[in-house]
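Spelled out, the chains give:
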Amino acid sequence: MAVVVKYVVERNGVERMTFTTKKEADAYDKMLDIAESLELMLEKVDVPLSEQQIESLALEIAKSKDDFMTILKGGKDPVVTKAPAKSKKSDNVASIEDNNDKKAS
């Protein structure tokens, strides 16, 4: 039997994410702290945003905080990297028919 250590980030009694290292869990927890602070700030702006928009915007800003900090400090535009296209689970699954065809040959 193997022993597996997992680090769980929990907010308001809700499990948000599980990590295998404490460093990753702490970084994610810090990012959630930043997002929470940003939400409070965004609620006060004069731009009409829904609660969902505020939450989503705050989380995205927190995820890219280093890029935002660079811009806010008067730095040059950070290099924008597009997120890789998410693969569908079916992309990693072989067709049963294909496997049966190979066995029959």
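Procedures and definitions
- Residues numbered from 1 in each chain as written.
- Predicted model: local features only at pLDDT ≥ 70, side-chain atom pairs only at ≥ 80, totals over all residues.
- Heavy atoms only, no water.
- Salt bridge = Lys/Arg side-chain N within 4 Å of Asp/Glu carboxyl O.
- Helix = DSSP H or I, 4+ residues; strand = E, 2+ residues; numbered from the N terminus.
- Buried < 20%, exposed > 50% of the residue type's maximum accessible area, 1.4 Å probe, protein only.
- 1 Å grid on protein atoms, 1.4 Å probe; cavity = no way out; pocket = protein on both sides within 12 Å on 5 of 7 lines; lining within 4 Å.
- Points joined across faces, edges and corners; volume = space filled by probe spheres on them.
- Nonpolar A, V, L, I, M, F, W, Y, C, P; charged D, E, K, R; others polar.
- Pairing = 2+ DSSP bridges.
- Expected span 1.5 Å × (residues − 1).
- Arc of directions from axis to C-beta.
- Contact = heavy atoms within 4.5 Å.

Draft legend 1. A look at the pattern of salt bridges. Summed over the entire model, instances satisfying the criterion amount to six salt bridges. One salt bridge connects R11 with E36, and the closest N-O pair in it is separated by 3.3 Å. Within this pair, whereas R11 is found in strand 1 (residues 7-11), its partner E36 is found in helix 1 (residues 22-42), the two being separated by 25 residues in sequence. Of the residues examined, R11 reaches a relative accessible area of 13% and is grouped as buried. Taking relative accessible area as the criterion, E36 reaches 44% and is therefore assigned partly exposed.

Draft legend 2. Quick look at the layout of surface pockets. Its boundaries defined by the atoms lining it, the largest pocket holds a volume of some 250 Å³. Around the largest pocket, the lining residues are R11, N12, V14, R16, L32, A35, E36, E39, E55 and L59. Counting residues per element, the ones that place at least two in the lining of the largest pocket are strand 2 (14-19), helix 1 and helix 2 (51-63). Counting residues per element, the lining of the largest pocket draws most heavily on helix 1, at four residues. Classifying every residue of the lining of the largest pocket gives four nonpolar, one polar and five charged.

Draft legend 3. Quick look at the pairing of strand 1. Here strand 1 pairs with strand 2 via five bridges, running antiparallel. When the sheet's bridge partners are listed, E10 is paired in strand 2 with E15. As consecutive antiparallel partners, strand 1 and strand 2 are separated by two residues, and within that stretch N12 has a phi angle of approximately 50°, a positive value.

Draft legend 4. Here's a closer look at helix 1. With 21 residues, helix 1 should reach 30 Å at 1.5 Å per residue; the first-to-last C-alpha distance of 30 Å fits that figure. Every buried residue of helix 1 is accounted for by A25, Y28, M31, L32, A35, L38 and L42. For helix 1, the arc enclosing every buried residue in end-on projection is 140°, short of the 170-degree limit, so these residues lie on one face. Across helix 1 from its buried face, at more than 90 degrees, point the exposed residues K23, K30 and L40. As for helix 1, its buried residues are in contact with strand 1, strand 2 and helix 2.

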